[in-house]
Each structure stands twice: as structure tokens, then as C-alpha cells.
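Listed below, chain by chain, are the residues.
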Amino acid sequence: MSDRITRDEVVHVARLARLELGPDEIDAFTEQLARVLEHAADIESLDVDDVPPTSHPLPLVNVFRTDEVRASIDRREVLAQAPWAESDMFRVPPVLGEEP
Amino acid sequence: MSWSIEPTLPEGWELVVGLEVHVELSTATKLFCGCANRFGSEPNTNICPVCLGLPGSLPVINGTAVKYAMQLGRALLCDVKPAVMARKNYFYPDMPKDYQTTQYEQPTNSDGEVVLPDGFTVGIERAHIEEDTGKSTHIGGGGRINEAIYSLVDYNRAGVPLIEIVSRPCLDTIDHAKAYVSGLRDILLAIGVSDARMEEGSMRVDANVSVRPVGSDELRTRCELKNINSIRSMARAIEYEARRQIDLYTSGERPRQETRHWDEAAGRSTPGRSKENLDDYRFFQEPDLVPLVPTAEEIAAIDAAMPALPAARRAALVEASSADADVVATLVERGQDALALAAIGRGADADKVVTRLRHDLAVDDFSKVSAESFAALIVMETSGDLTATQAKQVLAELVDSGGDPRSIAAERGFEAMHDDELADLVDRLIADNPDEWQRFVGGHEGDRKKMQGFFIGQIMRATKGQADGRAVADLLAQRGRSPANGSPGT
């Protein structure tokens, strides 16, 4: 197994992403993610000192929208798709005290 | 600026406070979509696929919001630089996208400062653009966030453009923290990018508070205070937190780094979110938005259009008048500094200008008082053509209906009361009232005061209020010291 990523790190990342993984899945993803990181590490073999960091693949900057109001959508349609709605709002579990 | 008493912390400890101030920009629409940016709409009426984070929707940034952000940056004396939007990932129902679009490694504004009325400089680390979250109402447990049974979420606010202004941890007193927040509000109102209403949530303050032994320069564990909804509430929350931490240190414990919720009604804070969730946001650059690259021309245009800001206005008035910092701050806050400078520029005595503005022009609407008439009035007063009492009366009429102070004075029959005329009157009055005069010169303090009132009243009656009360008092004191009048002498 590669030392690019540990099993514990995979568990941690899965927890942050609210993914529930079984022991077999953790093993499988640890191996797969290690291969992805191995691939990314190939970059390290290149000399990139003169290459400015790229923040974006598109040759575009400053794409702006005009500050004009457009129609919103009907809340009834949106709330109808919510698991739970009350008083025209989305009803959600208590946000503190829950396990992350 | 209101007068206040700085609460004293236990001996040997000092405060270290950094403030994160969130300001909603007063654009017509949200940051990434055309939904209205409006406070007080019916719940979930200003929502669309973009601000709900529905699959396939794409954000496009609001050009006005970016311009406002840069204006604020320049007003805070920041460097305005090319910026990249980023995603801050977290699971919390107030953001339907499960991330907040913000700026992380490359914010639009960095390294600025705000100068407070007393000259203290607050360093600004950054002022970055981000979107606001939805609004949660907690049901059950008395509405407290950590005792709620469930929460109701309204996404009208989700996606509203915000600037988060992060100060350096350099605030050393509660008074400086208060002056900084009101200073920020004045700047925001001066440049007109936000209505900065704390009570409506368009300006929100989180305080990072730690304490340390006096003289140390270490930064100890801090706690972040949330749910502060007024400057007064901020002052109480900071003081409570500082005392809580000092108590911990003095009993051999140490504070945990945590977020705490301020409960204004109870006057205390309670622990909120735990640290482990806070620190792992897995920021990455937002692939759906392109970089913001301001041009030198844009920044120059913003600087050229910048209105005079409170700190510069205070400095100008101090320079022209040599008045105290707090008096100058009051006049600038009332918007009377331009009137003061114009009157001083027209030759009016600076001290008198400041005094009359401070005490006799504490009114909401002084628009009828022109610089010319105000300067003329002050000149009339300082040259002795009007007494202080008369000058105040003329000023009151200028406030009500404007006009020329000379004609107002003439209409009211306010004529020059020359010094020798007044002295004659005083001497005659002394001669006519020998018993009262003896009680004035020989009596006890109380008697003396009472008799001074008697003589001034008589003079005022004789002159129909034209005499200057203070001048009469001076004359009486002077006559009382003279041996010819039988006083004990000096």
C-alpha cells in the first residue's frame, strides 16, 4: 500500500463529506485515492519554477452580471420538494449538538 | 462619540481583541444571481436555482458588488489586488449548496487601516467578498440555538453580497473596539455601499477575544463571540469573555478555543460549535467563477471619486480649530465640520465657532444656517456687537428661518452695549443698593452668589436682556476687589 494517504485520513475525509463507509469501502478508497495522488505527484518531477500558479483553466477574467433584479421562482414549487416545510420555510433538524 | 467609562479588568491583565465585521452591500440583487437583495420580504420569495445551489445552475458575479467592495477597500486604505473566489465547504442547513462562496488565499482587499478619533490605528488584515447565508429560526428550547428541537430556514438572505472586514488582533480596550465599529459604520455610510444597520443585521460583528498579562506580546487562546447585535452588546460580551478567561487562568485552568454565543438577555455567553468542525473547511478555488482583476484605471477612478472620509475630515477640523479630539469627532458625526471650516475660512474665531456649534447647534436640521451668515454671527459676537445671550438667540432664528444675522439683530433691537456703558450701569446700581452690595462684598459664599444673581437680574431688567451676564459678573467681581468699596481687599 502506498504511503500517499492513510486509512485514517480517508475516514476523516469521509466523515467531513458525511459519507458512511464500510470497512471494505475504506480499504478500497484508500487504495484508489493513493493512486490518484501518485498520479498528481508526477508533477513534482517537473521543473515548474518559472510557471506562475494557475488559478483557472479559462483565459477569462472579470465576467460580471449587471445588477438588475430578475424574477425569482415560486416558493410553493420549491418547498413542495423539501423533505419537510413549515410556515413557508424549510424545516431542518437542530443544527447544533448533532454528530458531524 | 458618546462618553463612556472603560470597564477595568482585574489588575495585571489586558485585552486582545480582533473583530470580524460582516457588512451587507446595498446592491439591488444578490451576489451570484438576479434575485432581489431585500430585507423583510416574505420567507423564501427571493430564491432561484443559483442561490438554492440546484444542480446545473451557474453563478455570475454582480459587477456592482465587486465595485462596492473595491470602494470599501480603498476607503479602508487597503491594497486592492487580483482576487480569486473559493469554496468554503461545510454542512449546515443555512447554505443549501453545502459550501459558501468566498475569497480565501487571494482576497480583493488586504492590509488596510482605520484611524480612530483619538489617533489609535486599527490594522485591517483583509476585507473580502463573500455571500451571506440563509436565516435560521430555532424552534423549541426558548429559541436558543443549542437547545432547539428543530430549525426553520429562509433562503432570502442566502447569496446576498457581503464584505467581511477582518481587523488585526490589535484592539486593546473596549472603547477602541466600540470606536472602531462606529468608525466603520461612518465610513460605510459616507461611501454609500451599505446601510450598516446592526439592528437589521446588515452589519454584524463577531469578536475574537483573548487576554494576556500586561506588557506581554503573546497571543493566547481566543474565543470567538457570535450573536452580537449592537455596539453596546459587543462591549458587554467582550467584557464578560475577558473576565471569564481571566478567572480560568487565575484558577489554574485555560480557555478552550471555541465559538461562544452571546445571550444579551442573560448577559452571558454559552459554548457553540466545537473547534474540529470549524477548522476543516477544505477551501478550494471556485471553478465556476473567473478571477477578478481590477485595472489601475478602475482603482484610480475609485480614488478620484472617494468622498472625504471621517478620519480626514476630523484631521482637517483639528488642523483648523485646535479643538479637542472628542469635540471634533462630535461635529464630524453631526456633519457640521464643513460649516465650521467654511466659517473659520471666512475669518470667524475658531474657538467660538466650535463652541457655538457644539452647544447651540445640536439640532438635526441646520440646513438654513449658511456658512456666510454663521461666520458673520460669530464675528459680531467676538467683536462685542452681540452678547453671548443675543448671539444664541440670533443663531436659533437662523436655524428656524435662515437670513442675515445683522438684520435679525437689528429687528430685535440688539445693539452694541459698550463696556463703559455697562460699567456705568453697574456702578449706579451699586450706589442705589448699598445693603445688597455689602452682602455681596462681605458675605459668605452663599450670600455672595445670591447677591450676584440679584445684581445681574437688575442689569438685565434695565437693559432688556442686552447685557452680557458674564461681563456683569466680571465687573461686580472687579468692583468688589477694589478697596474703595470697603472690601477686605486682595
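The rules behind these values
Residues numbered from 1 in each chain as written. Chains lettered and ligands numbered in written order. Predicted model: local features only at pLDDT ≥ 70, side-chain atom pairs only at ≥ 80, totals over all residues. Heavy atoms only, no water. Axes fitted to C-alpha atoms, helices over the stretch in contact; angles between N-to-C directions. Helix = DSSP H or I, 4+ residues; strand = E, 2+ residues; numbered from the N terminus. Parallel < 35°, antiparallel > 145°, perpendicular 65-115°, else oblique. Left-handed = near helix turned anticlockwise from the far one by under 90°. Contact = heavy atoms within 4.5 Å. Disulfide = S-S within 2.5 Å. Buried < 20%, exposed > 50% of the residue type's maximum accessible area, 1.4 Å probe, protein only. Core = buried A, V, L, I, M, F, W, Y, C linked by side-chain atoms within 4.5 Å. Salt bridge = Lys/Arg side-chain N within 4 Å of Asp/Glu carboxyl O. Expected span 1.5 Å × (residues − 1). Arc of directions from axis to C-beta. Domains from an automatic or database assignment. Buried area = accessible area lost by both parts, 1.4 Å probe. Polar contact = N/O pair within 3.5 Å; in protein donor to acceptor, adjacent residues only side chain to side chain. Nonpolar A, V, L, I, M, F, W, Y, C, P; charged D, E, K, R; others polar. Pairing = 2+ DSSP bridges. pLDDT = per-residue confidence, 0-100.

Some words on the packing of helix α6 (residues 310–321) of chain B against helix α8 (residues 337–345) of chain B
All names here are of chain B.
- Their axes nearest at 10 Å, the elements α6 and α8 cross at an angle of 30 degrees. Overall, the two elements α6 and α8 adopt an arrangement that is roughly parallel. As α6 runs across α8, the sense of the crossing is left-handed. Across the interface between the two elements, R313, A316, L317, A320 and S321 from α6 touch D337, A340, L341 and I344 from α8.

Brief notes about the state of the cysteines
Residue and element names in this part refer to chain B.
- One pass over the full model with this rule turns up zero disulfides over all chains.
- A disulfide-free cysteine, C33 has its sulfur positioned 3.7 Å from the sulfur of C48, the nearest such atom.
- When its relative accessible area of 5% is taken as the criterion, C33 is described as buried.
- Its sulfur unpaired, C170 is 13 Å from the next cysteine sulfur, which belongs to C78.
- Looking at C170, the relative accessible area reads 25%, which means it is partly exposed.

Thoughts on the side chain of B:T133
- With respect to the helices and strands, B:T133 occurs in the loop between β7 (121–131) and β8 (135–139).
- If we skip the residues at most four places from it in the chain, B:T133 touches B:Y90, B:D94, B:M95, B:Q100, B:R157 and B:A158.

Re the nonpolar core
All names here are of chain B.
- In terms of nonpolar packing, the biggest core is built from 79 residues, with L19, I165 and Y180 touching the most fellow members.
- Not counting chain neighbours up to four residues away, the residues in contact with L19 comprise I165, V166, S167, L171, A177, Y180, V181, V205, D206, A207 and M234.
- In terms of nonpolar packing, the next biggest core, distinct from the first, is built from 33 residues, A323, F366, M380 and L398 among them.

A short note on the pattern of salt bridges
- Evaluated as defined, the whole model comprises 39 salt bridges over all chains.
- The partner of A:D88 in a salt bridge is A:R75, and the shortest N-O contact between them spans 3.3 Å. On the criterion of sequence distance, the pair formed by A:D88 in the loop between β2 (85–86) and β3 (89–92) and A:R75 in helix α3 (residues 75–80) is long-range, its members being 13 residues apart.
- A:D88 sits in the partly exposed class, given a relative accessible area of 33%.
- A:R75 sits in the buried class, given a relative accessible area of 16%.
- For the salt bridge of B:R406 with B:D404, the shortest nitrogen-to-oxygen distance reads 3.3 Å.
- Within the structure, one salt-bridge network assembled from shared partners comprises B:E241, B:R244, B:R256, B:E258 and B:R260.

Notes on α6(B)
Residues and elements named next belong to chain B.
- Given a rise of 1.5 Å per residue, twelve residues ought to cover 16 Å, and the 16 Å separating the end C-alpha atoms of α6 matches this to within 8%.
- For α6, every residue scored as buried is listed here: P310, R314, L317 and S321. Angularly, the buried residues of α6 cover 65 degrees about the axis, an arc narrow enough to put them on a single face.
- Check the buried side of α6 and you find it contacts β6 (109–115), α2 (174–191), α7 (325–333), α8 and α9 (350–360).

Some words on the domain arrangement of chain B
All names here are of chain B.
- Partitioning chain B into structural domains gives domain 1 (13–304), domain 2 (308–411) and domain 3 (419–485).
- For domain 1 and domain 2, the distance between their C-alpha centres works out to 39 Å.
- Taken residue by residue, the interface counts eight residues in domain 1 and seven residues in domain 2.
- Between domain 1 and domain 2 lies a buried interface of about 560 Å² when both sides are counted; carbon and sulfur atoms form 71% of it.
- Put simply, domain 1 and domain 2 have zero salt bridges between them.
- The tally of links from domain 1 across to domain 2 stands at one residue pair in polar contact (both at pLDDT 80 or more).
- Element by element, the count of residues in the side of domain 1 that touches domain 2 is highest for α2, at four residues.
- Counted by class, the side of domain 1 that touches domain 2 contains seven nonpolar, no polar and one charged residues.

Things to note about the sheet that holds strand β4 (residues 85–89) of chain B
Residue and element names in this part refer to chain B.
- Overall, antiparallel pairing links the three strands, which are arranged β5-β4-β15 in an open sheet. At either end of the open sheet lies a strand with only one pairing partner, and these are β5 (99–103) and β15 (284–285).
- Bridge analysis of β4 against β5 gives five bridges, and the strand direction is antiparallel. Bridging across to β5, M85 finds its partner in Q103.

Some words on the interface of chain A and chain B
- Tallying the contact residues gives 36 residues for chain A and 53 residues for chain B.
- Between chain A and chain B, roughly 3,800 Å² of surface is buried when both sides are summed, and carbon and sulfur atoms account for 60% of that area.
- Taken together, chain A and chain B are joined by one salt bridge.
- Ionic pairing is found between B:E42 and A:R75, a salt bridge with its closest N-O pair at 3.5 Å.
- Summed over the shared surface of chain A and chain B, the result is 19 residue pairs in polar contact (both at pLDDT 80 or more).
- For the side of chain A that touches chain B, the secondary structure elements donating two or more residues are α1 (7–16), β1 (64–65), α3 and β3 of chain A.
- For the side of chain A that touches chain B, the element with the highest residue contribution is β3(A), accounting for four residues.
- Looking at the side of chain A that touches chain B residue by residue, the class counts come to 19 nonpolar, seven polar and ten charged.
- Where β3(A) lies against strand β9 (residues 150–154) of chain B, three bridges are found, and the strand directions are antiparallel. Each residue of the ladder has a partner; that of A:R91, found in β9(B), is B:L152.

Observations regarding the confidence of the model for chain B
All names here are of chain B.
- Averaged over all residues, the pLDDT of chain B is 90; the fraction at 70 or higher stands at 93%.
- The low-confidence segment residues 486–490 (pLDDT under 50) makes seven contacts with residues lying over four places distant or belonging to another chain.
- With a pTM of 0.80, the predicted complex shows an ipTM of 0.86.

Observations concerning unusual backbone geometry
- Of note in this structure, A:N62 is not a glycine but carries a positive phi near 50 degrees.
- Assignment of secondary structure puts A:N62 in the loop between α2 (23–41) and β1.

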